[in-house]
Each structure stands twice: as C-alpha cells, then as structure tokens.
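# Examination of the molecular architecture
The primary structure of each chain is shown beneath.
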Amino acid sequence: MPLQALRSATKPQNGVGAFILQCKKLDFHYCDWAGSSKGMNAFLQHNLPTFARQNPQVEITVSPRPRKHPVIRGTYINGREKAVCVKNLEKDQILKKAELLRDASGEKLRRVTKPVKSVNESVRGVWDPFHGAKWNI
C-alpha cells in the first residue's frame, strides 16, 4: 500500500498565519511648477506605475499641491499617519522613501530599554550563566 501525502494544509483563521501589511494608503503630493518637485514628477511618470502594480494591497493617491514641497504621506491601520518630505530628491531616492513608509508599522519610534518585550514579566528575571553558586574544583 503506497503512502499518500497530506491532502489539506492548515487553514488560516482570523488573520492567524497571514501577513497583514500595516500601511493601507500612500498619498503622493507634488507641485508642477517648483524645482524641488522635479524628482517627484520623474518618479510619478516612471516608477509609480510599477510600484503600484507590485503593491496592490496599498491604496495610492496622487494629488497636486501648488507652491509646496513634495511630500509622501502614509496612513496605517492603527489610525496613525507618517509624512516624509522628499524635496530635491532623485526618483530612486523617492522610491526608497516610499518603500520605507510602506514597510513601517505606523507606531511611534520608541527607545528599546529591555531586550525582551513580554506581556507577562518574568518573576525570576533573565537567566545568566554567572548567576548562582560558585563551584570550586
């Protein structure tokens, strides 16, 4: 009797086992006239269509903002917004900033004080080989 492979895999439930991107919307604001938006205009013409095709889960809006510096604004599922000014940047640098906003979590930047973050703090602390009794041989 030959062995048969498993017929079904585990099914994800309530988002468990599925990656949910935290960024839900990217807004690109530019100016047609200003020289600081030259890189943004080049990005919108050349790089934005491929970026939008590669990221269908992110809503992308483009709007003019006359007499202002170009800005990329990210909106996240936790309700927060992050904005990055991209004045006088090249189109490749603007692509990196857009990827940075897309991959961000939307949380505030915080200083890491403890190496382990847990809901239940350890009663005994973190184990270290130098704790305990000293052995003499």
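Residues numbered from 1 in each chain as written. Predicted model: local features only at pLDDT ≥ 70, side-chain atom pairs only at ≥ 80, totals over all residues. Heavy atoms only, no water.

Labelled according to an unreviewed UniProt entry, the chain appears under the name Large ribosomal subunit protein mL43, originating from Viridothelium virens. One UniProt comment on the chain, placed under Subcellular location (unreviewed entry), says "Mitochondrion". (UniProt positions renumbered as here; feature names shortened; annotations may be inferred.)

Every buried residue belonging to helix H1 (residues 38-46) is among Gly-39, Met-40, Asn-41, Phe-43 and Leu-44, and all of these are buried. In this structure, the buried side of H1 is in contact with strand S1 (23-30), helix H2 (48-54), strand S2 (59-64), strand S3 (71-76) and helix H3 (91-103). (Buried < 20%, exposed > 50% of the residue type's maximum accessible area, 1.4 Å probe, protein only. Helix = DSSP H or I, 4+ residues; strand = E, 2+ residues; numbered from the N terminus. Contact = heavy atoms within 4.5 Å.)

Turning to its location among the elements, Thr-50 is positioned in helix H2. Taking relative accessible area as the criterion, Thr-50 reaches 36% and is therefore assigned partly exposed. For Thr-50, the side chain forms a polar contact with the main-chain oxygen of Asn-47, separated by 2.9 Å. (Polar contact = N/O pair within 3.5 Å; in protein donor to acceptor, adjacent residues only side chain to side chain.)

What follows covers unusual backbone geometry. One non-glycine residue, Arg-67, lies in the positive phi region at around 60 degrees. Secondary-structure assignment places Arg-67 in the loop between S2 and S3. What makes Arg-67 exposed here is its relative accessible area of 73%.

Taken in spatial order, the four strands of this open sheet run S2-S1-S3-S4, and their pairing is mixed. Looking along the sheet, the strands with just one partner apiece sit at the ends: S2 and strand S4 (81-85). Geometrically, the sheet is characterised by an average inter-axis angle of 15 degrees between neighbouring strands, direction not taken into account. Both S3 and S4 contribute to a ladder of five bridges, which runs antiparallel. Note that in S4 the partner of Val-71 across the bridge is Cys-85. Across the sheet, H3 touches S1, S3 and S4, and the angle it forms with S3 is around 15 degrees. (Pairing = 2+ DSSP bridges. Axes fitted to C-alpha atoms, helices over the stretch in contact; angles between N-to-C directions.)

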